[in-house]
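# Fold and geometry: a report
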Amino acid sequence: MSNHTRIMMSLALLTALAGCASQADQDAAEIQDAAKIHEDALVIDTHVDISPRFAAEVNPCQETERQVDVPKMEQGGVDAVFFIVYVGQGPRTAEGYAQAEKTALDRFAAIHRMAEELCPDRIGIAYTADDVQRIHDAGKKVAVIGMENGYIIGKDLSLLKRYYDLGGRYLTLSHMGHNDISDSANPREGEPVAEHGGLSPFGEEVVHEMNRLGIMVDVSHISNEAALGAVRVSRAPVIASHSATRALVDIPRNLGDEQLKAIAANGGVLQVVGLAEYVKASPAEKRAAIDSLRQAMGITSRGAWRNMTDEQRAEYRSGMEEIEQRWPRGTVSDLVDHIDHAVQVMGIDHVGIASDFDGGGGVTGWNSAAETPSVTAELVKRGYSADDIRKLWGGNLLRVWRENERVAREMQAG
């Protein structure tokens with residue numbers, strides 16, 4: 001079955017399942033146009049989490065309960081995915097740093113095992129922006145490695161080079177809780193609202209070394225002041241690998257227009273995230289029901305999702321479905337509202353798309369890699385051109401990546 005046929009089938013199925021009149025009456029020519037545009041675009045998702053069982057008990061080269069695996073990438077016309085080396089914030093001690101490094105190396109090993117042992121004929125690891133196109137042209141899917149939470153380097157700058165050599169191509173400076181690099185947008189219980197007032201002096205050193213190596217600086221999850229500090233310090237364009245816009249949903253994890261404008265002025269890109277809670281504000285009753293479900297299942301942090309079994313994930317999704325029947329969650333349309341706003345504020349050259357799948361991401365209509373054509377269909381419906389959509393689905397991100405590579409060469413040459 002060709003990619004075009006898969007995408008057409010996916011769009012037709014999603015249209016049928018949507019069940020609303022506007023989609024049911026969608027012109028067949030528009031579906032055809034969307035399928036062709038999606039097939040022609042180099043579709044890159046910049047944030048997909050993995051679990052400790054990834055490429056071990058769970059084989060991502062086969063159909064799984066995960067939102068992203070190689071078969072779903074093939075079905076949904078997703079060409080490249082940034083699989084994430086994530087480590088939750090832990091104690092800032094020698095022992096904590098050592099454990100974070102070990103966990104990070106285990107995650108790197110899992111991604112390499114997928115691409116080098118389990119199905120090297122279907123997916124390959126990209127170390128450069130040009131590798132993405134080369135692997136794609138060879139008829140394979142592309143794995144890129146992103147890193148989430150600068151806690152994985154502790155206070156050791158040399159670890160950045162080690163992770164770079166393993167394929168790490170962006171680093172989210174902090175996560176849930178402050179670290180030695182920057183303040184978080186979401187301090188942990190007991191932490192001050194701000195510890196460093198943005199980036200720490202060590203954080204500025206980290207950004208400089210990332211620029212020198214060619215690791216993209218990721219400002220998702222970090223505080224407003226830290227994001228502005230990263231833009232100010234970085235010699236290369238920065239990214240926000242998975243964030244939405246605060247103008248539409250006012251939560252700390254989303255970025256305000258001041259940050260969006262700064263990222264655009266820096267030449268960077270915002271990858272608008274398809275996470276329901278970030279693209280559509282939830283009423284207090286829904287948040288309470290979700291909190292109750294998470295507590296009942298022992299999900300006490302965002303990182304806990306990555307450690308759940310497939311059975312636990314299925315149970316959690318079932319519970320969420322019941323909640324969402326009462327309070328409908330964000331949709332593809334809500335996601336594209338955020339894309340529209342970001343494009344209005346930043347310009348079409350500074351916006352992209354990310355899912356945060358298998359880390360809590362997903363909206364109605366785009367809840368796995370297999371459903372990715374639905375996002376393209378909504379963009380076509382909104383009037384985005386084929387060139388615009390190519391930029392949104394990966395062209396802008398690849399431009400930023402190449403500019404980071406250029407800056408690294410320049411800095412290494414002295």
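See the structure shown above.
Not measured: the values here are computed from a predicted model.

Looking now at the overall build of the chain. Across its full length, the chain carries 16 helices and 9 strands. Taken over C-alpha atoms, the radius of gyration comes to 20 Å for the chain, in line with the 22 Å a tight globule of 414 residues would show. With the principal axes as the frame, the chain shows a C-alpha extent of 60 × 50 × 45 Å. Considering the chain as a whole, with its 414 residues, one finds that 59% of them fall into the buried category.

Moving on, we get to the packing of aromatic side chains. What the rule picks out here adds up to 7 aromatic pairs. Between Phe-357 and Trp-366, the ring centres sit 5.1 Å apart and the planes meet at 65 degrees, which makes this aromatic pair edge-to-face. By the burial criterion, Phe-357 is buried, and Trp-366 matches it. Taken together, the ring pairs connect Phe-82, Tyr-170 and Trp-401 into an aromatic cluster.

This part takes up the state of the cysteines. Overall, the coordinates contain 1 disulfide when judged by the stated rule. Here Cys-61 pairs with Cys-119 through a disulfide, and the sulfurs are 2.0 Å apart. On the sign convention where negative means left-handed, the S-S torsion of about -70 degrees between Cys-61 and Cys-119 marks this disulfide as left-handed. With a gap of 58 residues between them, Cys-61 in the loop between strand S1 (44-49) and helix H4 (70-76) and Cys-119 in the loop between helix H5 (94-118) and strand S3 (123-125) connect regions that are remote in the sequence. On the accessibility criterion, Cys-61 (6% relative accessible area) is buried.

The contact between helix H12 (residues 284-296) and helix H13 (residues 310-326) brings their axes to 10 Å, and the two run at 160 degrees. As summarised for this structure, H12 and H13 are arranged roughly antiparallel, according to the angle between their axes. In terms of crossing hand, the pair formed by H12 and H13 is right-handed. Along the contact surface, H12 presents Lys-286, Ala-289, Ile-290, Leu-293 and Arg-294, while H13 presents Tyr-316, Gly-319, Met-320, Ile-323 and Glu-324. Partitioned by chemical class, the residues of the contact of H12 with H13 number 6 nonpolar, 1 polar and 3 charged.

Before going further, it helps to spend a moment on the nonpolar core. Residues Phe-83 and Ile-339 are the most contacted members of the largest nonpolar core, which totals 91 residues. Of the residues forming this core, the biggest block, 8 residues, is contributed by H5. Sequence-distant contacts of Ile-339, defined by excluding residues within four places in its chain, comprise Val-272, Val-351, Ile-353, Leu-379, Tyr-384 and Leu-392. Core analysis: the next-biggest nonpolar cluster, separate from the first, contains 20 residues, Leu-42, Ala-80, Ile-84 and Tyr-86 among them.

Here we come to the pairing of strand S7 (residues 239-243). By the criterion of burial, S7 is predominantly enclosed, with 5 of the 5 residues buried. In this structure, S7 lies alongside strand S8 (residues 269-273), joined through 3 bridges in parallel fashion. When the bridges of S8 are listed, Ile-239 appears paired with Val-269. Handedness of the S7-helix H10 (residues 257-265)-S8 crossover: right-handed.

A word on the pattern of salt bridges. If the charged atoms of two oppositely charged side chains come close together, the side chains can form a pair. The final tally for this structure, using the stated rule, is 28 salt bridges. Taking the shortest distance from any N to any O, the salt bridge between Arg-188 and Glu-191 comes out at 3.8 Å. A relative accessible area of 37% means that Arg-188 is categorised as partly exposed. Looking at Glu-191, the relative accessible area reads 22%, which means it is partly exposed. For Arg-382, the salt bridge identified is with Asp-340, shortest N-O distance 2.5 Å.

What follows covers helix H16 (residues 386-413). If you check H16, its first and last C-alpha atoms are 38 Å apart, about what 28 residues at 1.5 Å a residue would give, namely 40 Å. At Leu-392, H16 is bent by approximately 60 degrees, the largest bend along its length.

Rules of the game
- Residues numbered from 1 in each chain as written.
- Predicted model: local features only at pLDDT ≥ 70, side-chain atom pairs only at ≥ 80, totals over all residues.
- Heavy atoms only, no water.
- Helix = DSSP H or I, 4+ residues; strand = E, 2+ residues; numbered from the N terminus.
- Rg over C-alpha atoms; globule rule 2.2 N^0.38 Å.
- Buried < 20%, exposed > 50% of the residue type's maximum accessible area, 1.4 Å probe, protein only.
- Phe/Tyr/Trp six-rings, centres within 6.5 Å; stacked < 30°, edge-to-face > 60°.
- Disulfide = S-S within 2.5 Å.
- Axes fitted to C-alpha atoms, helices over the stretch in contact; angles between N-to-C directions.
- Parallel < 35°, antiparallel > 145°, perpendicular 65-115°, else oblique.
- Left-handed = near helix turned anticlockwise from the far one by under 90°.
- Contact = heavy atoms within 4.5 Å.
- Nonpolar A, V, L, I, M, F, W, Y, C, P; charged D, E, K, R; others polar.
- Core = buried A, V, L, I, M, F, W, Y, C linked by side-chain atoms within 4.5 Å.
- Pairing = 2+ DSSP bridges.
- Right-handed = clockwise from strand over helix to strand, strands pointing away.
- Salt bridge = Lys/Arg side-chain N within 4 Å of Asp/Glu carboxyl O.
- Expected span 1.5 Å × (residues − 1).
- Bend = angle between axes of the 7 residues up to and from the residue.

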